[in-house]
Amino acid sequence: MVLLAKNIRFERLRREHLPELYGWITKEPQINRFWGYSYNGTYGEFVREFVGSIKGRDPTEPFLIYYLDQPIGYIQTFRWSDYPGSEQFQELQHAAGLDILIGAPAYRGKGFGQVIIQRFLVEVVFRDGFVTCCITDPDIRNKPAIRAYEKVGFEIVRRVEEVSEITRPVWFMRIGRQQLERKKP
């Protein structure tokens, strides 16, 4: 499969996308393990969790990832400062967060993560003038995600044992606007 960045697009998450996202998060062990869920809730509970973002009441901006018009994953961004607990970390002020999952198994391990992350940073994250950098927080055991972030130019800042409601060790990984510019092909 030849990966062409121009064939990737982002579509704002809508309610009709939720069954597919729910399936990825609950039925794909690689995703369930690291997405922050050991999700055993009902579909209704899952919908309630995402409906605020879909309707714009929650500050997280959710998107479905498409490749050649096929939904292959989910990506979201947010300003860290919009969430309680971020004020204890100086590096999170004026920073965006980013979370991604490649839900379709056929698209994992083929370099899609790196290309998607880079495009999303340019097209969505750094369009926000408030944002000076992006800091993501992968689980320290999630080696594929860490490698993908590093290929884009993210650098590990430090290990954090707990962020907001996340009570597992994560790496704070950072990329600034200038670093991203230098990594462009």
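Further up the page is the structure itself.
Residues numbered from 1 in each chain as written. Predicted model: local features only at pLDDT ≥ 70, side-chain atom pairs only at ≥ 80, totals over all residues. Heavy atoms only, no water.

In this model, helix α4 (residues 112-123) (12 residues) spans 16 Å end to end at C-alpha, consistent with the 16 Å of a helix rising 1.5 Å per residue. Burial in α4 covers these residues: F112, G113, V115, I116, I117, Q118, F120 and L121. (Helix = DSSP H or I, 4+ residues; strand = E, 2+ residues; numbered from the N terminus. Expected span 1.5 Å × (residues − 1). Buried < 20%, exposed > 50% of the residue type's maximum accessible area, 1.4 Å probe, protein only.)

Okay, the pairing of strand β2 (residues 61-67) next. Among the 7 residues of β2, 6 are classified as buried, and the element is accordingly described as predominantly covered. In this structure, strand β1 (residues 8-12) lies alongside β2, joined through 5 bridges in antiparallel fashion. Counted as the bridge partner of R12 is F63 from β2. Bridging between β2 and strand β3 (residues 70-79) involves 7 bridges; their strand directions are antiparallel. Bridge assignment links P62 to a residue of β3, and that residue is Q76. From the end of β2 to the start of β3, which pair antiparallel, there are 2 residues, and L68 there has a positive phi angle of about 50°. (Pairing = 2+ DSSP bridges.)

In total, this model carries 10 salt bridges according to the counting rule given. Salt-bridge contacts for D128 lead to R79; the nearest nitrogen and oxygen are separated by 2.9 Å. One end of the pair, D128, is in the loop between α4 and β5 (133-136); the other, R79, is in strand β3, with 49 residues separating them in the sequence. The shortest N-O distance in the salt bridge between R119 and E123 comes to 2.6 Å. Of this pair, R119 and E123 both sit in helix α4, 4 residues apart, which is roughly one turn of the helix. You can call E123 partly exposed: its relative accessible area is 31%. (Salt bridge = Lys/Arg side-chain N within 4 Å of Asp/Glu carboxyl O.)

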